[in-house]
Amino acid sequence: MSNFIKTVPGEFGVVTVSIDRPEALNALNRSVLFELKLELERLAQDQTVRVIVLRGSGEKAFVAGADIKEMQEMTRGQAIEFSRLGHSVATLLESIQKVTIAAVQGYALGGGMELALSCDFILASEKAQFGLPEVTLGVIPGFGGTIRLSRAVGLNRAKELIFTGERISAESALRLGLVSKVYPQEGFFDEVMKRARLIALNSLGAAISAKNLLNEFSESSGTNQKIDAETHQFGSLFGVTDQKEGMAAFVEKRPARFKGL
Ligand code: CAA
């Protein structure tokens, strides 16, 4: 039984998978990631499932990132393992033989934005906010952000977003091409479901053939090496001064004072 993942089957093979940890803005700790991975693996085998809508519970967040309180005490080795786990979920969302839609209302930050980027496309409510704030914590994106953000918005914009760590609105994300559509907050999930059903009524076999080709053609090559490189860079920043300071500052609710180490 899942503690943090709630799946609701809908009409025409559309299922909604909710990350359900609203008290921590659905932050991704090891248990959440592990349960999400198991659930996606289960759905991958279910022939009745055509479209997976991924969302967060509550109105405030899709997912506010990897769990900083859990990461704070991680060793390099543990951070590498954690990054591998996040990557395995992201790769599943990207490659699963179903259509995956990220339905984002509220915050999609850090690892949350990375999971959204791994879905086939992102639909956002007007109140959604996106960002990769890892550098403000003394680390880097660790669930594929250095690989998938530049694919979505271009190299220079990806650099700017990652170096500043700033949050952008749904409208800005739409202009950048990060999200496909923005809907009013009221009735957001109804609009998402309409779109999901539109896809579910088409041929799944044809959509998945197209998905596999689109993924393959957009790939510049060497994804596994890139994932490995990101994982190791992510891990290498753990246990050094800036990571300790950045994460302690978040937990203590104060600005970080980085030393550049
Ligand atoms: N990890 C752990 N706990 C988190 C969290 C996170 N990423 N985001 C929010 N929370 C917790 C808060 O600590 C708080 O808990 P308490 O009530 O126990 O204090 C609760 O969720 C509610 O959050 P806030 O009180 O902070 O809510 P807010 O409305 O004032 O602010 C926010 C919302 C701007 C999203 C703020 O919570 C925030 O900045 N969160 C962190 C965002 C972030 O940096 N994400 C990236 C993480 S690093 C990462 O993801 C690495 C990777 O690539 C793998």
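A few points on the structure. Just so you know, these numbers come straight off a predicted model, no measurement behind them.

1. Some remarks on the site of the ligand
Logical step 1: Contacts to the ligand come from 26 residues, most closely from Lys60, Gly111, Glu114, Glu134 and Lys253.
Logical step 2: A distance of 2.9 Å separates an oxygen atom of the ligand from a polar side-chain atom of Lys69.
Logical step 3: A distance of 2.6 Å separates an oxygen atom of the ligand from a polar side-chain atom of Glu134.
Logical step 4: In terms of residues, the shell around the ligand owes the most to one element, helix 2 (residues 68-71), which gives three residues.

2. Notes on the nonpolar core
Logical step 1: Ranked by size, the top nonpolar core spans 57 residues in total, and within it Ile19, Leu36, Met71, Val104, Phe130, Leu149 and Leu178 carry the most contacts.
Logical step 2: Apart from residues lying up to four places away in sequence, Val104 is in contact with Phe62, Ala116, Ile122, Leu123, Ala124, Ser125, Ala128, Phe130 and Phe188.
Logical step 3: Membership of the second largest hydrophobic core comes to 16 residues, among which are Val53, Ala103, Tyr183 and Ile208.

3. Details of the pairing of strand 1 (residues 5-9)
A regular strand places its side chains so that they alternate between the two faces of the sheet.
Logical step 1: Here strand 1 runs beside strand 2 (residues 14-19); their pairing, made up of five bridges, is antiparallel. Within strand 2, the position partnered with Pro9 by the bridge is Val15.

4. Examining the pattern of salt bridges
Logical step 1: Scanning the model with the defined rule gives twelve salt bridges in all.
Logical step 2: For the salt bridge of Asp67 with Arg21, the shortest nitrogen-to-oxygen distance reads 2.8 Å. Of this pair, Asp67 sits in the loop between strand 4 (61-63) and helix 2 while Arg21 sits in the loop between strand 2 and helix 1 (30-45), placing them 46 residues apart in sequence. Each member of the pair, Asp67 as well as Arg21, is classed as buried.
Logical step 3: Between Glu70 and Arg30 there is a salt bridge, with its nearest N and O atoms 3.7 Å apart. Of this pair, Glu70 sits in helix 2 while Arg30 sits in helix 1, and the two are 40 residues apart along the sequence.
Logical step 4: Through salt bridges with shared partners, a single ionic network connects Glu94, Arg148 and Arg151.

5. Some points on the sheet that holds strand 2
Logical step 1: Taken together, six strands build an open sheet; the order of strands is 1-2-3-5-7-10 and the sheet is mixed. Of all the strands in the sheet, the pair left with one neighbour each is strand 1 and strand 10 (181-183). Strand-to-strand, the axes of this sheet are offset by a mean angle of 25°, without reference to chain direction.
Logical step 2: Two strands pair when backbone bridges link them, and strand 2 and strand 3 (residues 51-56) are joined in this way by six bridges, in the parallel orientation. In the strand pairing of strand 3, Ile19 is matched with Gly56.
Logical step 3: Against the sheet, helix 1 touches strand 1, strand 2 and strand 3, its axis set at about 25° to strand 1.

6. Considerations on unusual backbone geometry
Logical step 1: At Leu25, a position not held by glycine, the phi torsion is positive, near 50°.
Logical step 2: Along the polypeptide, Leu25 turns up in the loop between strand 2 and helix 1.
Logical step 3: Despite not being glycine, Asn26 shows a phi value in the positive range, around 65°.
Logical step 4: Its place among the elements puts Asn26 in the loop between strand 2 and helix 1.

7. Thoughts on the packing of aromatic side chains
Logical step 1: Scanning all chains against the criterion turns up four aromatic pairs.
Logical step 2: Among the aromatic residues, ring-to-ring pairing joins Tyr183, Phe188 and Phe189 into one connected group.
Logical step 3: In this structure, Arg21 packs its charged tip against the face of Phe4, placed 6.0 Å from the ring centre.

8. Observations concerning the side chain of Ser83
Logical step 1: Along the chain, Ser83 turns up in helix 3 (residues 76-95).
Logical step 2: Leaving out residues up to four positions away in the same chain, Ser83 has contacts with Gly142, Phe143, Thr231 and Phe234.

9. What to know about the packing of helix 5 (residues 145-153) against helix 10 (residues 223-236)
Logical step 1: Their axes nearest at 9 Å, the elements helix 5 and helix 10 cross at an angle of 125°. In this view, helix 5 runs oblique relative to helix 10, as classed from their interaxial angle. Residues Gly145, Thr146, Ile147 and Arg151 of helix 5 pack against Thr223, Lys226, Ile227 and Glu230 of helix 10.

Scoring rules and cut-offs
Residues numbered from 1 in each chain as written. Predicted model: local features only at pLDDT ≥ 70, side-chain atom pairs only at ≥ 80, totals over all residues. Heavy atoms only, no water. Near = heavy atom within 4 Å. Polar contact = N/O pair within 3.5 Å; in protein donor to acceptor, adjacent residues only side chain to side chain. Helix = DSSP H or I, 4+ residues; strand = E, 2+ residues; numbered from the N terminus. Core = buried A, V, L, I, M, F, W, Y, C linked by side-chain atoms within 4.5 Å. Buried < 20%, exposed > 50% of the residue type's maximum accessible area, 1.4 Å probe, protein only. Contact = heavy atoms within 4.5 Å. Pairing = 2+ DSSP bridges. Salt bridge = Lys/Arg side-chain N within 4 Å of Asp/Glu carboxyl O. Axes fitted to C-alpha atoms, helices over the stretch in contact; angles between N-to-C directions. Phe/Tyr/Trp six-rings, centres within 6.5 Å; stacked < 30°, edge-to-face > 60°. Lys NZ or Arg CZ within 6 Å of the ring centre and 35° of its normal. Parallel < 35°, antiparallel > 145°, perpendicular 65-115°, else oblique.

Geometry only, nothing functional implied.
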